[in-house]
Amino acid sequence: MSQNDKQVAGDHYKKLKIQTWDYIWANNLGYMEGNIIKYVTRWKDKGNEKDLLKAKHYLDKLLELIKNDTA
């Protein structure tokens, strides 16, 4: 059985055409980008606007890290 066939707590990922973790892995995305994708993908089915705020928080942090890394 594939890990995609089961989900702990809820079914918000199982109904997707491409599971979020498969997309993140296939595109070699980092932790920050992966969390942004995760929260934006599930916001309608799980966390509502709280998930969008979480995605924004990760995006703001990513921008901060990029700015500080290149300053």
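This is a predicted model, so every value here is computed, not measured. (Residues numbered from 1 in each chain as written. Predicted model: local features only at pLDDT ≥ 70, side-chain atom pairs only at ≥ 80, totals over all residues. Heavy atoms only, no water.)

Student: I tried to follow the overall build of the chain on my own but got confused; where do I start?
Tutor: Looking only at helices and strands, one finds three helices and zero strands in the chain. Starting at the N terminus, the α and β elements of the chain follow one another as α-α-α. When burial is assessed residue by residue, the chain has 21% of its 71 residues classed as buried. Expressed as a percentage of contacts within the chain between residues at least 6 apart in sequence, the contacts between residues at least 24 apart total 30%. (Helix = DSSP H or I, 4+ residues; strand = E, 2+ residues; numbered from the N terminus. Buried < 20%, exposed > 50% of the residue type's maximum accessible area, 1.4 Å probe, protein only. Contact = heavy atoms within 4.5 Å.)

Student: For this particular structure, what's the right way to read unusual backbone geometry?
Tutor: Trans peptide bonds make up the majority, and among non-glycine residues the majority have a negative phi. Unusually for a residue other than glycine, Asn28 sits at a positive phi of about 50°. With respect to the element layout, Asn28 can be found in the loop between helix 1 (20-26) and helix 2 (31-42).

Student: Just to check I follow, could you spell out the side chain of Thr20 for this structure?
Tutor: Relative to the elements of secondary structure, Thr20 occurs in helix 1. Sequence-distant contacts of Thr20, that is, excluding residues within four places in its chain, are made with Tyr13, Ile37, Lys38 and Thr41.

Student: What should I look at first to understand a nonpolar patch on the surface in this one?
Tutor: A contiguous nonpolar patch, built from Leu59, Leu63 and Ile66 and spanning about 270 Å² of accessible area, is present on the exposed surface. Within the secondary structure layout, Leu63 lies in helix 3 (residues 49-70). A relative accessible area of 49% means that Leu63 is categorised as partly exposed. (Patch = residues over 30% accessible without salt bridge, like charges linked within 9 Å, V, L, I, M, F, W, Y side chains within 5 Å. Areas by Shrake-Rupley, 256 points an atom, 1.4 Å probe, with all protein chains shown as cover. Salt bridge = Lys/Arg side-chain N within 4 Å of Asp/Glu carboxyl O.)

Student: So what exactly am I meant to see when it comes to the packing of helix 2 against helix 3 here?
Tutor: Axes are the key here: two packed helices are described by the angle between their axes and the distance separating the axes. The contact between helix 2 and helix 3 brings their axes to 8 Å, and the two run at 160°. When the axis of helix 2 is compared with that of helix 3, the two are roughly antiparallel. Crossing handedness for the pair helix 2 and helix 3: left-handed. Residues Tyr31, Met32, Glu33, Asn35, Ile36, Tyr39, Val40 and Arg42 of helix 2 form the contact with helix 3, whose participating residues are Asp51, Lys54, Ala55, Tyr58, Leu59, Lys61, Leu62 and Leu65. (Axes fitted to C-alpha atoms, helices over the stretch in contact; angles between N-to-C directions. Parallel < 35°, antiparallel > 145°, perpendicular 65-115°, else oblique. Left-handed = near helix turned anticlockwise from the far one by under 90°.)

Student: Is there a simple way to explain the pattern of salt bridges in this structure?
Tutor: A side chain of one charge can pair with a side chain of the opposite charge when the charged atoms of the two come close. A full pass over the atoms with the stated rule returns four salt bridges. Linking Asp51 and Arg42 is a salt bridge whose minimum nitrogen-to-oxygen distance equals 2.8 Å. The exposure class of Asp51 is buried, given its relative accessible area of 1%. Take Arg42: its relative accessible area is 9%, and that puts it in the buried class. A salt bridge links Lys56 to Asp60, with the shortest nitrogen-to-oxygen separation between them at 2.8 Å. Separated by four residues within a single helix, Lys56 and Asp60 lie in helix 3, roughly one turn from each other.

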